[in-house]
Amino acid sequence: MYSKIYSGVALGINGMLISVESDMSLGLPGLCLVGYLSSSVKEAGDRVRTALRNVGYPIPSRKVTVNLSPADIRKDGTGFDVAIATGILISMGIFFIREKFNKELEKTLFLGELGLDGSILPVRGVLPIVDHALKNGIERVVVPEENASEASFIKGLEIIPVGSLTDIIKILSSGEWGDPFVMPEIKKSVQKDFLYDLKDIRGQETMKKGVIIGVAGFHNILLTGAAGSGKSMIAKCIPELMPDLTYNESLELTKIYSIAGNLDLSDGLMKRRPFRAPGQNVSNAALIGGGMSPTPGEVSLANGGVLFLDEFPEYSRSVIEGLRQPMEDHIVNVSRVRASYTFPARFMLVSARNNCPCGFYPNRDKCRCSSGAIQRYKNRISHPIMDRIDIRLEISPVSYDDLFSDNEGMDSKTAKAMIEGARKKQEERFKNESINFNSEIPQSRIEEFIVLGEKEKKLLRNIYDNSGISARGYYKMLRLARTIADIEGREFVSERNIEEAAFFRNEDGATDWR
């Protein structure tokens, strides 16, 4: 007897429907799985056979063929087990399938891994698969109980949670799906105070201003200064300064964490922008993404949030250079023989480094590094990477008077109000665009969104001719000036905004362009 139902697989952060065809006929007894399968899917045959026997429905001594199509897409993972077992149960012909129920099966997707005792275990990547299923006519999804909350994030589908194969058998024998899953109400936690507050960082008002500009426009930042000057501390303040995720950003980020298996289901869709801080020993695949079965790397897990790389020059050269494409294109492409995977990587890079290998420079009483060693240390970050960083701040050590002053300076509450004001201006400017922040303005549309007067154009020409800035750096400086103007509530970019942008850009080899 022939049967056909649907399962799904995640490719990148997108889902794909997989047709699971089962046929039971006379012939040499055995279970044959076909359809360009990985070893984890081929092993499903033994899991399904054993699980069916242990719940009292052993596969008859017949030839059983299961085809997962399309056959040119590699199937990986354990999420097909439940669909394969369900297809075989239907093919066995022991259940009377009414016409109405059969039509419902045609619009139902099955996901889940099987234990040998018939239990149904959770799987990764449910969210992108369910989202894709809804867009392709699926009306109902049968998922493991542990994945029901995740699947319910996508509205418009009936979610049927199952805990074991006996639940599937009950559905097939009765022709009824049972009660659909209803997401329990999530209590929203209210955090009144900032966990990390800018006011705790004393005497670094220029650094605070640079960070405010960076957060307001989603600009990449490099903080350079002596150890203990507050670089790491201010980086921890950034996530709480950032605006809330939009619905589309939240859904995309939740999909990424679903695929990576890092999803916390206690708070619904992810609401907070991520803060990822991998250590210096991180591999290229772990940072950028990849592996035999490609999964998102740290740059994708930081999508919409902050990727903090402390002691930036201490990372391996290949890891640092691997940031070029995601910093420029905001995506990561992972190519394999028969498939190519794309992961979003729209992160804000916040990096920090010391002035020298020992961390004491410019204090020559403690620093014993030669000028050559200092230069080699700085050269570990190549010019193409430096050119992609918008704000490059030189941080001075905190003086005793500043450290113990009663003047706290800029606090996070004030900073966040400034950032939210600038963010509202960007929302209005880009309301009909696929752009969220000034840093994302395409080069081809710079003149449309950043209108300059003659004085501003003349100043920019002087900067370009005398500072050694690249074309990429020039446009990044313009976007930076646009953000500074937004913070000040200005409609047009002024000469002062451009000068401030040039200061924070801190181009190497700059001269007195005034």
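Criteria and cut-off values
- Residues numbered from 1 in each chain as written.
- Predicted model: local features only at pLDDT ≥ 70, side-chain atom pairs only at ≥ 80, totals over all residues.
- Heavy atoms only, no water.
- Helix = DSSP H or I, 4+ residues; strand = E, 2+ residues; numbered from the N terminus.
- Buried < 20%, exposed > 50% of the residue type's maximum accessible area, 1.4 Å probe, protein only.
- Contact = heavy atoms within 4.5 Å.
- Areas by Shrake-Rupley, 256 points an atom, 1.4 Å probe, with all protein chains shown as cover.
- Lys, Arg positive; Asp, Glu negative; His and termini not counted.
- Charge placed at Lys NZ, Arg CZ, Asp CG, Glu CD.
- Phe/Tyr/Trp six-rings, centres within 6.5 Å; stacked < 30°, edge-to-face > 60°.
- Lys NZ or Arg CZ within 6 Å of the ring centre and 35° of its normal.
- Salt bridge = Lys/Arg side-chain N within 4 Å of Asp/Glu carboxyl O.
- Core = buried A, V, L, I, M, F, W, Y, C linked by side-chain atoms within 4.5 Å.
- pLDDT = per-residue confidence, 0-100.
- Pairing = 2+ DSSP bridges.
- Polar contact = N/O pair within 3.5 Å; in protein donor to acceptor, adjacent residues only side chain to side chain.
- Expected span 1.5 Å × (residues − 1).

Student: Is there a simple way to explain the overall build of the chain in this structure?
Tutor: Helices and strands together make up the secondary structure of the chain, namely 22 helices and 18 strands. With the C-alpha coordinates aligned to their principal axes, the bounding extent of the chain is approximately 90 × 45 × 45 Å. The buried share among the 514 residues of the chain stands at 52%. In the chain, the proportion of contacts linking residues at least 24 apart, taken out of those at least 6 apart, comes to 73%. As presented, the chain carries roughly 23800 Å² of accessible surface, and 49% of it is formed by carbon and sulfur atoms. Once the 66 positive and 67 negative side-chain charges of the chain are each reduced to a mean point, those two points are 3 Å apart.

Student: Where do I start with the packing of aromatic side chains in this structure?
Tutor: Think of a pair of aromatic rings as described by two things: how far the centres are apart, and how the planes are tilted against each other in angle. Evaluated as defined, the whole model comprises nine aromatic pairs. Centre to centre, the rings of F312 and Y315 are 6.5 Å apart; their planes meet at 65 degrees, and the pair counts as edge-to-face. Like Y315, F312 is buried. Among the aromatic side chains, those forming a connected cluster through ring pairs are Y464, Y474 and Y475. For R74, the ring lying beneath its charged end belongs to Y36, and the centroid distance is 5.9 Å.

Student: Explain the pattern of salt bridges to me, please; I cannot follow it from the model alone.
Tutor: Pairing is possible between side chains that carry opposite charge, provided their charged atoms lie close to one another. Inspection of every chain in the model, using the stated rule, returns 32 salt bridges. For the salt bridge of R276 with E298, the shortest nitrogen-to-oxygen distance reads 2.7 Å. Of this pair, R276 sits in strand β11 (residues 275–276) while E298 sits in helix α12 (residues 298–301); the two residues are 22 residues apart in sequence, bridging distant segments of the chain. E298 sits in the buried class, given a relative accessible area of 14%. The salt bridge involving R317 is made with E321; its shortest N-O contact spans 3.6 Å.

Student: How do you make sense of the nonpolar core when you look at a structure like this?
Tutor: As a rule of thumb, soluble globular proteins bury nonpolar side chains together. Judged by nonpolar contacts, the single largest core of 55 residues is most densely connected at V299, L307, F312, L323 and F347. Looking at which element gives the most residues to this core, the answer is helix α10 (residues 247–260), with six residues. Among residues more than four places away in sequence, those in contact with L323 are L287, I288, V299, L307, L309, F312, F347 and I385. Counting residues in hydrophobic clusters, the runner-up holds 54 residues, among them L198, I234, M348 and I441.

Student: Explanation requested: the confidence of the model for the chain in the structure shown.
Tutor: Regions with low pLDDT should not have their predicted coordinates read in detail. Averaged over every residue, the pLDDT of the chain is 89; residues scoring 70 or more account for 96%. Of the regions scoring below 50 in pLDDT, residues 509–514 engages in 14 contacts with residues more than four places distant in sequence or in other chains.

Student: Is there a simple way to think about the sheet that holds strand β17 (residues 348–353) in this case?
Tutor: Note: strands within a sheet are paired through backbone hydrogen bonds, in either parallel or antiparallel orientation. Strand order across the open sheet formed by five strands is β11-β14-β17-β10-β18, with parallel pairing between neighbours. Where the open sheet ends on each side, the last strands, each with one partner, are β11 and β18 (391–395). As paired strands, strand β10 (residues 221–225) and β18 are joined by five bridges and run parallel to one another. By the bridge assignment, L222 is partnered in β18 with R392.

Student: What should I look at first to understand the environment of R346 in this one?
Tutor: Here R346 is to be found in the loop between β16 (340–344) and β17. A residue is classified by how much of its surface remains accessible, and R346, at 11% relative accessible area, is buried. Sequence separation of R346 and P326 is 20 residues, and the distance between their C-alpha atoms is 7.4 Å. Beyond its immediate stretch of four places on either side in the chain, R346 contacts F218, E249, A302, N303, G304, G305, H330, N436, F437 and E440. A distance of 3.2 Å separates the side chain of R346 from the side chain of E440, its partner in a polar contact.

Student: Mind showing me how you'd approach unusual backbone geometry here?
Tutor: Note: most peptide bonds trans; most residues except glycine with negative phi. Put simply, S69 and P70 share a cis peptide bond, and its omega is 10 degrees. Along the chain, P70 falls in the loop between β4 (63–69) and α3 (81–91). The phi dihedral of Y36 falls on the positive side, at around 55 degrees, and the residue is not glycine. In the Ramachandran plot, F218 falls in the positive-phi region, its phi being about 60 degrees despite a non-glycine side chain.

Student: Please explain helix α8 (residues 205–217) as it appears in this structure.
Tutor: Along its 13 residues, α8 runs 19 Å from first to last C-alpha, staying within 8% of the 18 Å computed at 1.5 Å per residue. α8 sits mainly inside the fold: ten of its 13 residues count as buried. The set of residues buried in α8 consists of M207, K208, G210, V211, I212, I213, G214, V215, A216 and G217. Immediately downstream of α8, the backbone of F218 shows phi near 60 degrees, a positive value.

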